[in-house]
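Fold and contact review
Take a look at the letters that make up each chain.
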Amino acid sequence: MKKRQPLISSESQFVAMAAQAPAMVWVSGPDKVPVYFNEGWLAFRGRTLQDEVGNGWFEGMHPQDADRFLNEYSLSFKSRQEFKIRCRIEKHDKEFRWVVHHGVPQFNEEGDFLGYAVSCMDVQELFMLNNELEETILERTLDLAESEHRLRTIVESAPFPIGVYEGREMRIVMANKSIIEVWGKGSNIVGKRYREVLPELESQGIYEQLDRVYMTGEPYHARNQQIDLVVDGQMGSFFFNYSFTPIYDTNGHIYGVINTAADVTDLQTALQKIEKSQEELRQIDQQKDDFIGIASHELKTPLTTLTGIVQLLHRKLQDSPDPFISGAMIRANNQIKKMISLIHSFLNISRLESGTIVIESERFSINKLIKEMVEEIQMTSPYHDIIYSDCEPVTVYADHEKIGSVISNLLSNAVKYSPRGKNIEVKCVRSGDMLLTSVADEGMGIKPEDVEKIFDRYYRVESDHTRSISGFGIGLYLSAEIVKRHGGRIWLESEKGIGSTFYFTLPVAD
Ligand code: ADP
């Protein structure tokens, strides 16, 4: 048998050392029976050496640990190997404490087995600490599981597409119903790689965007982005607002990307339609502009000639004994005036569009102009009463003809858009250095949504009623431009079915 070195050369030397050791130490003979307990142990137990040696010490063994201890202890005596056995031992305060017995086999110089020298460590604190740690770890694990569950619930129930991809290879770990529908590749996609599921994105720059987010941590956002997808086997174009946002682990390392998206295809298609019809409207307006430009120029000369002839005839024939002839000449003259004013507005529109409109200002009495216009319109509108109570004489510095056309336009609209037999009231009041003129009718009125657009070029209210009334939708646009160019303001108050009042201001010239 191989000769073993004794750990401690003499028993007395060992006992002396053990007695002073701050630890708990005990010694057993080869028959397993403890023969010695040091001061540390006795103090821990609150008992004497006599109490402990032999089987006495075992009274302090926790009943639940007794069998296991004896079992492992006996096995060690057979194998004569070092042992470490954990058990609870009763302390002097009657509380059980967790301790660890660390036994080292002892041999004499001849190599005979002498038993074990056992050091015993109170590990209660450690044990508690460990338990606590285990508990926190367990709690954390539960927390983590719960937050993961919560995340899953959020992702699943979100009404918009969400996908979660992990690793640089972008493995799909979560994909909600909404994103599964958008992709149109069936629901069996979790666990697959993004590229594998969506190969059609190869040339659309998406893989690169994802990789950049994963590598740099910078989120990526796209708006109204066209994406071509093979949905249920068919290639189609869609529009999305989408985001790729990095996700970090507890160490602050990126481990994946969250993809949220909103399918804005319907919106985008609607927008495109609107844009298209807006473009069409713009083109129609352009055609109208062009036509008006040409027509007004072409009509100007013959109309001037015609006006001359009609006025001449009117003078010559006004005393005709035939009442039909004199009446016809009055009507012809009135219709020509209407045409002239229409051609004037056409010309003014063209000038406005080309930026060549000029305001030729002069001093004149606005009261006189209003009175003239009221009389002129009254003459051709026998079915309406235009009430004008003269206001104090006010001089303005303005374009006489253009302001005349503003008043004439408001008056003829009041006539056009109110039924026969109704009154129209024209007022003017001076307020500080401004003159406020108003034209009020008792007509059909204007809905609030139309009020906003009524001064737009070519805008006419769409209704069965207005459709039968002729007009180009340029009168108010021109009037507003003219008033604005004079430093004034134009607006209206209206109630559907009750009537409208148009107002405009002009600076007074004193
Ligand atoms: P037009 O009368 O030639 O159509 P306007 O620019 O003068 O063009 O008027 C624009 C639109 O505003 C008209 O088509 C009409 O629908 C509405 N409108 C103008 N004046 C009145 C009014 N006094 N009462 C009701 N609607 C009016």
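Refer to the preceding data block for the structure.
These numbers were taken from a predicted model, which means no experiment stands behind them.

1. Regarding the sheet that holds strand E15 (residues 434-441)
- A sheet is described by the order of its strands in space; here five strands give the open sequence E12-E14-E15-E17-E16, paired in mixed fashion. Of all the strands in the sheet, the pair left with one neighbour each is strand E12 (385-388) and strand E16 (490-495). If you compare each strand with its neighbour and ignore which way they point, the axes differ by 15° on average.
- The pairing of E12 with strand E14 (residues 423-431) spans four bridges and is classified as parallel. When the bridges of E14 are listed, Tyr388 appears paired with Val426.
- Across the sheet, helix H11 (residues 366-380) touches E12, E14, E15 and strand E17 (499-507), and the angle it forms with E12 is around 170°.
- Contacting E12, E14, E15 and E17, helix H12 (residues 400-416) crosses the sheet at an angle of about 175° to E17.

2. Side note on the site of the ligand
- Neighbouring the ligand are 20 residues, the closest being Asn413, Tyr417, Asp441, Arg460 and Leu476.
- In this structure, Asn413 approaches the ligand through a side-chain N or O atom, which is 2.8 Å from an oxygen atom.
- Take Gly475: an N or O atom from its main chain is 3.2 Å from an oxygen atom of the ligand.
- Protein coverage of the free-state accessible area of the ligand, which is 530 Å², stands at 97%.
- Where the shell around the ligand is concerned, the elements lending two or more residues are H12, helix H15 (475-485) and E17.
- Broken down by element, the shell around the ligand gets its largest block of residues, three residues, from H12.
- Looking at side-chain class alone, the shell around the ligand contains 10 nonpolar, seven polar and three charged residues.

3. A closer look at the pairing of strand E8 (residues 220-231)
- Note: E8 against strand E9 (residues 234-248), 10 bridges, orientation antiparallel. Note on E9: the bridge partner recorded for Leu229 is Gly236.
- Linking E8 to E9, which pair antiparallel, is a turn of two residues; within it Asp232 sits at a positive phi near 50°.

4. Here we look at the pattern of salt bridges
- Going through the model one piece at a time under the given rule, you end up with 21 salt bridges.
- A salt bridge links Arg282 to Glu279, with the shortest nitrogen-to-oxygen separation between them at 3.3 Å. Highlighted residues: Arg282 and Glu279, both in helix H9 (residues 265-317), separated by three residues, approximately one helical turn.
- A relative accessible area of 34% places Glu279 in the partly exposed class.
- Glu481 is paired through a salt bridge with Lys484; the nearest N and O atoms lie 3.8 Å apart. Taken together, the positions of Glu481 and Lys484, both in helix H15 and three residues apart, correspond to about one turn of that helix.

5. Digging into the nonpolar core
- Ranked by internal contacts, the top residues of the largest apolar core, which has 38 residues, are Ile366, Ile403 and Leu411.
- In terms of residue count, H12 provides more of this core than any other element does, seven residues in total.
- In contact with Ile403, not counting residues within four places along its chain, are Phe364, Ile366, Leu369, Ala398, Ile482, His486 and Leu506.

6. Considerations on the environment of His297
- With respect to the helices, strands and loops of the structure, His297 is situated in helix H9.
- Remark: the alpha-carbon pair of His297 and Phe346, spanning 49 residues in sequence, is separated by 8.9 Å.

7. So, helix H10 (residues 323-354)
- Here H10 contains 32 residues, and its C-alpha end-to-end distance of 47 Å stays within 8% of the 46 Å for a straight helix at 1.5 Å per residue.
- The backbone nitrogen of Phe324 lies 2.9 Å from a side-chain oxygen of the residue at the head of H10, namely Asp322.
- Immediately downstream of H10, the backbone of Gly355 shows phi near 75°, a positive value.

8. A few points about a nonpolar patch on the surface
- Residues Met121, Leu126 and Leu129 make up a contiguous nonpolar surface patch of about 310 Å² in total accessible area.
- Looking at the element boundaries, Leu126 is found in helix H5 (residues 124-157).

9. Considerations on the sheet that holds strand E3 (residues 83-90)
- Strand order in the open sheet made by the five strands is E2-E1-E5-E4-E3, with antiparallel pairing throughout. Each edge of the sheet is formed by a strand with only one pairing partner; in this case those strands are strand E2 (34-37) and E3. Taking each pair of neighbouring strands and ignoring which way they run, the sheet shows an average axis angle of 30°.
- As paired elements, strand E1 (residues 24-28) and E2 share three bridges and run antiparallel to each other.

10. A short note on unusual backbone geometry
- At Lys94, a residue that is not glycine, the phi angle is positive and equals roughly 70°.
- Relative to the assigned elements, Lys94 resides in the loop between E3 and strand E4 (96-107).
- A residue is classified by how much of its surface remains accessible, and Lys94, at 63% relative accessible area, is exposed.
- Positioned with a positive phi, Asn224 is a non-glycine residue whose angle comes to about 45°.
- The residue Asn224 is located in strand E8 in this model.
- Residue Asn224 is classed as partly exposed on the basis of its relative accessible area, which comes to 33%.

Quick notes on the rules
Residues numbered from 1 in each chain as written. Predicted model: local features only at pLDDT ≥ 70, side-chain atom pairs only at ≥ 80, totals over all residues. Heavy atoms only, no water. Pairing = 2+ DSSP bridges. Helix = DSSP H or I, 4+ residues; strand = E, 2+ residues; numbered from the N terminus. Axes fitted to C-alpha atoms, helices over the stretch in contact; angles between N-to-C directions. Contact = heavy atoms within 4.5 Å. Near = heavy atom within 4 Å. Polar contact = N/O pair within 3.5 Å; in protein donor to acceptor, adjacent residues only side chain to side chain. Areas by Shrake-Rupley, 256 points an atom, 1.4 Å probe, with all protein chains shown as cover. Nonpolar A, V, L, I, M, F, W, Y, C, P; charged D, E, K, R; others polar. Salt bridge = Lys/Arg side-chain N within 4 Å of Asp/Glu carboxyl O. Buried < 20%, exposed > 50% of the residue type's maximum accessible area, 1.4 Å probe, protein only. Core = buried A, V, L, I, M, F, W, Y, C linked by side-chain atoms within 4.5 Å. Expected span 1.5 Å × (residues − 1). Patch = residues over 30% accessible without salt bridge, like charges linked within 9 Å, V, L, I, M, F, W, Y side chains within 5 Å.

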